[in-house]
Amino acid sequence: QVQLVESGGGLVQAGGSLRLSCKASGRTFSRYIMGWFRQAPGKEREFVATIDWTGGSTYYADSVKGRFTISRDNAKSTVYLQMNSLKPEDTAVYYCAARFGSFYGSSRDTQADFSSWGQGTQVTVSS
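I will try to describe carefully the structure that is included in this document.

Procedures and definitions
Residues numbered from 1 in each chain as written. Predicted model: local features only at pLDDT ≥ 70, side-chain atom pairs only at ≥ 80, totals over all residues. Heavy atoms only, no water. Helix = DSSP H or I, 4+ residues; strand = E, 2+ residues; numbered from the N terminus. Rg over C-alpha atoms; globule rule 2.2 N^0.38 Å. Buried < 20%, exposed > 50% of the residue type's maximum accessible area, 1.4 Å probe, protein only. Areas by Shrake-Rupley, 256 points an atom, 1.4 Å probe, with all protein chains shown as cover. Lys, Arg positive; Asp, Glu negative; His and termini not counted. Charge placed at Lys NZ, Arg CZ, Asp CG, Glu CD. Contact = heavy atoms within 4.5 Å. Pairing = 2+ DSSP bridges. Core = buried A, V, L, I, M, F, W, Y, C linked by side-chain atoms within 4.5 Å. 1 Å grid on protein atoms, 1.4 Å probe; cavity = no way out; pocket = protein on both sides within 12 Å on 5 of 7 lines; lining within 4 Å. Points joined across faces, edges and corners; volume = space filled by probe spheres on them. Nonpolar A, V, L, I, M, F, W, Y, C, P; charged D, E, K, R; others polar.

Remarks on the overall build of the chain
Argument step 1. The helix and strand inventory of the chain stands at 0 helices and 11 strands.
Argument step 2. Its C-alpha atoms give the chain a radius of gyration of 13 Å, near enough to 14 Å, the size a compact globule of 127 residues would have.
Argument step 3. Along the longest, intermediate and shortest principal axes, the C-alpha atoms of the chain span 40 × 25 × 25 Å.
Argument step 4. With 127 residues in all, the chain has 45% of them scored as buried.
Argument step 5. Looking at the chain as shown, the accessible area adds up to about 6300 Å², and 46% of this sits on carbon and sulfur atoms.
Argument step 6. Here the chain contributes 14 positively and 10 negatively charged side chains, and the mean placements of these two sets differ by 6 Å.

Below, the structure is given as structure tokens:
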């Protein structure tokens, strides 16, 4: 399994931006489908975005579409989540995750599909 470490979380005002990073260990990063999930207090973990092996295909939850952008740099073994126009309801712990297999490009991705997880990074959006 790949080891994942997130960074870049913090406190931001509504309308602001943050960029999360997720650094992976190992030499097989480019073989993984990468995803971002989040968990707000008192709620279940939910899907945010996913990206294929090359970065050529992405998929987003409706709640973040048009505001968030997932990208990856395989040379740096890192996946990013650029978050713009942040809202208080985006407040959550954000997790990156990795899995093998096909890129679905649909709501078929669930957390159960992902075998490797980071420790999470807190994002707090104030109103």
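Brief notes about the environment of Phe103
Argument step 1. Inspection of the secondary structure assignment puts Phe103 in the loop between strand S9 (92-99) and strand S10 (116-117).
Argument step 2. In this structure the C-alpha to C-alpha distance between Phe103 and Leu4, which are 99 residues apart in sequence, comes to 20 Å.
Argument step 3. Residues contacting Phe103, with those up to four places away along its chain left out, are Ile33, Thr50, Ile51, Asp52, Trp53, Ser57, Thr58 and Tyr59.

Regarding the pairing of strand S7 (residues 68-73)
Argument step 1. Residues Phe68, Ile70 and Arg72 of S7 are buried on one face, while the alternating residues Thr69, Ser71 and Asp73, pointing to the opposite face, are not.
Argument step 2. Two strands pair when backbone bridges link them, and S7 and strand S8 (residues 78-83) are joined in this way by 6 bridges, in the antiparallel orientation. In the strand pairing of S8, Thr69 is matched with Gln82.

Describing the nonpolar core
Argument step 1. Residues Trp36, Val79, Leu81, Met83 and Tyr94 are the most contacted members of the largest nonpolar core, which totals 34 residues.
Argument step 2. Contributions of two or more residues to this core are made by strand S3 (18-24), strand S4 (33-39), strand S5 (46-51), S7, S8, S9 and strand S11 (121-126).
Argument step 3. In terms of residues, this core owes the most to one element, S9, which gives 5 residues.
Argument step 4. Once residues within four sequence positions are removed from consideration, Tyr94 is found in contact with Glu6, Leu20, Trp36, Phe37, Arg38, Val48, Phe68, Leu81, Met83, Gly120, Thr121 and Val123.

Here's the deal with the layout of surface pockets
Argument step 1. One number sums up the size of the largest pocket: a volume of about 150 Å³.
Argument step 2. Surrounding the largest pocket, Arg38, Gln39, Ala40, Pro41, Lys43, Glu44, Glu46, Pro88, Glu89, Thr91 and Ala92 form its lining.
Argument step 3. For the lining of the largest pocket, the residue count by class is 4 nonpolar, 2 polar and 5 charged.

What to know about the pairing of S9
Argument step 1. The buried fraction of S9 is high, at 7 of 8 residues.
Argument step 2. Pairing between S4 and S9: 7 bridges, direction antiparallel. By the bridge assignment for S9, Gly35 is matched with Ala97.
Argument step 3. Summarising the sheet, S9 and S11 pair through 3 bridges and their orientation is antiparallel. Bridge assignment links Tyr94 to a residue of S11, and that residue is Thr121.
Argument step 4. Inspection of the sheet shows S9 paired to S10 by 2 bridges, in the antiparallel sense. Its bridge partner lying in S10, Ala98 is registered against Ser116.

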